[in-house]
Structures are given as structure tokens and as C-alpha cells.
Amino acid sequence: MRIFYKCSFKSSGGYKLACYDYDLDELHYIPEDDNIYKEKISKTVLSTFNYGLGRSMVLASDEVGDCFFGIYGLSEEDSGKYINAVFIDKDNTSVFYLFNLFCIQYNQSGIILKNTVKRKTPDENGLEFFIVKEEIHRLLESAAETEPKFNIRNGNNKLFAFITEENYGDYIIKISQNCLLDTRNAILKGNIAYNRECLDLENVLTENSSKHLWYYIASIIIIVITIIMGYALL
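This section reports on the structure supplied with the text.

Focus: the nonpolar core
Moving on, step 1. Of all hydrophobic cores here, the largest spans 41 residues; its most connected members are Tyr5, Leu59, Phe69, Phe87, Leu113 and Phe129.
Moving on, step 2. The dominant element in this core, judged by the number of residues it contributes, is helix 3 (residues 92–104), at seven residues.
Moving on, step 3. Setting aside chain neighbours within four positions, we find Leu113 in contact with Tyr5, Ile71, Leu74, Ile83, Ala85, Phe87, Phe102 and Leu139.
Moving on, step 4. One finds Cys19, Val45, Val58 and Ile172 within the second-largest nonpolar core, a separate group that totals 24 residues.

This is the structure in C-alpha cells:
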């Protein structure tokens, strides 16, 4: 598994992007002014970092169909720590399980994720954080014990879920135009309290399924009316 972190600290040199390889326990800085920058991270994932999505979670697929789970806008006011993180893995299942974990343990999972990042003296690249593997392991273990209750359809550049503490309508255009994600049929939920524990995912999925049902019914009605009008004109 790879985890892309974009983090900043109070009185620091701004946000720095790095890739953490969980299996190798290695963190690599990704400079913005280098061609390596574009090779290390997919365009879709990079766009979610570059276009502010507020305090939110994104489950989507990138331009080659690899699924990723992003958590954005986490912060610790006392330490001035600001964290954005995206999980991506060859086995998409682990990504889905992480999304499920954050939905059923929203507040607690966010706390653990913040604990995966610790500040250090800046290196030659200005990177001033390191990753605590044990905390990531806690997340993955907890995620593996959950039971996802949703199905993901394959495809490139598709938004599967967008959950935010703000009004999700404020971000949909940005997600579709700047991040180039297809937002149709996505699970959408907004105005989540920052300290809420469970997001009641089943209700979200029920709401989403209802939207799909009405969409299909409307489509069928339009088709039937079109056929009737076609026969009437013959």
C-alpha cells in the first residue's frame, strides 16, 4: 500500500507532498518542480490535493481505474498540524475497507490518522514530518475487521463517495471540472459534525439507492412516452 501525504505545520515552509510505502516503511519526498512529481502520483489524486475540497473524504478511481480513498483537511489546532492523505493499493479491497472504517468510526479514525504523522527537523528538501507505521497498522487492522455494505462499479475517473463536514453541493462542480471525476450515482453526504462518531452509512446507501431507483423509473417513463409518440406519428 502507498499513502500520499500532503502536510503542513505552523511556522513551516508550507505544504509538502510525500509518498509513504507501507510495505517498505519508506517515505519519499515528491518535489513540485520536478518531473518525478508527475510520475509518482496519478493526475486524479494530485488534483484532489491541489483543489481544496474542505474537510472531506473521497472514494474514487483515478485515470487508470485504480481506486483510492482520500481524507482531507484534518488539523490539530494546538500543534498547528494540517494533514491530507490518500490511500491507494493494488488490492482495492483494502481501500474500500478503510473507507468503511472511517464511516463507522469517523472521529476516532481521524484521530489515529493524525497520529500517523509526526513533526521532525526539516531535511534538505524541507520535509519536516515522518510516518508512524504502528498507527497505520492500527487503521488497517481495524478496517479489516469491518464489513463493507456497498458495491463499487469499475471504471476510470469515477467518484464513488464524497462525504464532507460542509455542504457537498459547494464542491461537486470543482470535483467534476477540476478533478475530472464523474459524479453520477455517487454517494453524497454533507454537513457532518467534525466530532461525530458514526456516519450511519446504511442510511446514506439507502438514500443513494432511492435516487438510483427514481432515476431508472424516470428513464423508463421517458422511453415509454417516446415510443408511444413515435407510433402516434406513424
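A closer look at the packing of helix 4 (residues 106–115) against helix 5 (residues 133–144)
Moving on, step 1. The contact between helix 4 and helix 5 brings their axes to 8 Å, and the two run at 155 degrees. Judged by the inter-axis angle, helix 4 sits roughly antiparallel to helix 5. As helix 4 runs across helix 5, the sense of the crossing is left-handed. Of helix 5, the residues touching helix 4 (which contributes Gln108, Ser109, Ile112, Leu113 and Asn115) are Glu135, Arg138 and Leu139.

Details of the sheet that holds strand 5 (residues 67–76)
Moving on, step 1. The sheet built from eight strands is open, its strands ordered 3-2-1-6-5-4-9-10 with mixed pairing. Lying at the two open borders of the sheet, with one neighbouring strand each, are strand 3 (26–29) and strand 10 (187–189). Across the sheet, the mean angle separating the axes of adjacent strands is 15 degrees when strand polarity is ignored.
Moving on, step 2. Looking at chain direction, strand 4 (residues 56–61) and strand 9 (residues 159–164) are connected through five bridges and run antiparallel.

Quick look at the side chain of Arg55
Moving on, step 1. Structurally, Arg55 can be placed in the loop between helix 2 (43–50) and strand 4.
Moving on, step 2. A residue is classified by how much of its surface remains accessible, and Arg55, at 19% relative accessible area, is buried.
Moving on, step 3. Those residues within four positions of Arg55 in sequence are excluded, and the remaining contacts are Tyr72, Gly73, Leu74, Ser75, Tyr106, Ile163, Thr164, Glu165, Glu166 and Tyr194.

Thoughts on the environment of Glu165
Moving on, step 1. Structurally, Glu165 can be placed in the loop between strand 9 and helix 6 (172–177).
Moving on, step 2. Placed 110 residues apart in sequence, Glu165 and Arg55 show a C-alpha to C-alpha distance of 5.9 Å.
Moving on, step 3. Among residues more than four places away in sequence, those in contact with Glu165 are Arg55, Tyr106, Asn191, Ile192 and Tyr194.
Moving on, step 4. Separated by 2.5 Å, the side chains of Glu165 and Arg55 make a polar contact.
Moving on, step 5. One polar contact links Glu165 to Tyr106, side chain to side chain, over a distance of 2.8 Å.

Details of the pairing of strand 1 (residues 2–9)
Moving on, step 1. With respect to burial, strand 1 is a largely interior element, seven of its eight residues being buried.
Moving on, step 2. Across six bridges, the pairing between strand 1 and strand 2 (residues 16–21) is antiparallel. Across the sheet, Arg2 pairs through a bridge with Asp21, a residue of strand 2.
Moving on, step 3. Taken together, strand 1 and the strand that follows it, strand 2, pair antiparallel across an intervening segment of six residues, in which Ser11 is found at a positive phi of about 60 degrees.
Moving on, step 4. Relative to strand 6 (residues 81–88), strand 1 is paired through eight bridges, and the arrangement is antiparallel. In the strand pairing of strand 6, Tyr5 is matched with Ala85.

Overview of a negative patch on the surface
Moving on, step 1. A cluster of like negative charges, contributed by Glu32, Asp33, Asp34 and Glu39, occupies part of the molecular surface.
Moving on, step 2. Along the chain, Asp34 falls in the loop between strand 3 and helix 1 (36–40).

Conventions and cut-offs
Per-chain numbering applies: the sequence of each chain, read as written, is numbered from 1 onward. Where local features are concerned, this predicted model is filtered to residues with pLDDT of at least 70; where side-chain atom pairs are given and counted, the filter is 80 or more; whole-chain, interface and lining totals use all residues. In computing side-chain properties, one takes all heavy atoms of the structure into account and sets aside hydrogens as well as water. Buried residues of nine kinds, namely Ala, Val, Leu, Ile, Met, Phe, Trp, Tyr and Cys, make up a nonpolar core once their side-chain atoms join them within 4.5 Å. Burial classes follow relative accessibility: with a 1.4 Å probe on protein chains only, a residue under 20% of its type's maximum area counts as buried, one over 50% as exposed, and anything between as partly exposed. Secondary structure elements follow DSSP: runs of H or I of four or more residues count as helices, runs of E of two or more count as strands, with numbering from the N terminus. By definition in these notes, contact holds between two residues if any of their heavy atoms fall within 4.5 Å. Comment: axis = line fitted to C-alpha atoms, over the contacting stretch for helices; angle = value between 0 and 180 degrees taken between N-to-C directions. In this scheme, roughly parallel covers angles under 35 degrees and roughly antiparallel covers those over 145, while 65 to 115 is roughly perpendicular and the rest are oblique. What makes a crossing left-handed is the near helix being turned counterclockwise from the far one by less than a right angle; a clockwise turn instead makes it right-handed. A pair of strands is treated as paired once DSSP finds two or more bridges between them. Pairing of N or O atoms within 3.5 Å defines a polar contact, subject to two protein rules: one partner must be a possible hydrogen donor and the other a possible acceptor, and residues neighboring in sequence count only if both atoms are side-chain atoms. Grouping into patches uses exposed residues only, defined as over 30% relative accessible area, and leaves out salt-bridged ones; the cut-off is 9 Å for like charges and 5 Å for nonpolar side chains (Val, Leu, Ile, Met, Phe, Trp, Tyr). Shrake-Rupley sampling with a 1.4 Å probe provides the accessible areas, and residues are treated as covered by the protein chains on show and by no other component. We define a salt bridge as a contact between a side-chain nitrogen of Lys or Arg and a carboxyl oxygen of Asp or Glu at a distance within 4 Å. All tallies of charge rest on Lys and Arg as positive and Asp and Glu as negative; His and the ends of each chain are not included. A single reference atom marks each charge: NZ on Lys, CZ on Arg, CG on Asp, CD on Glu.

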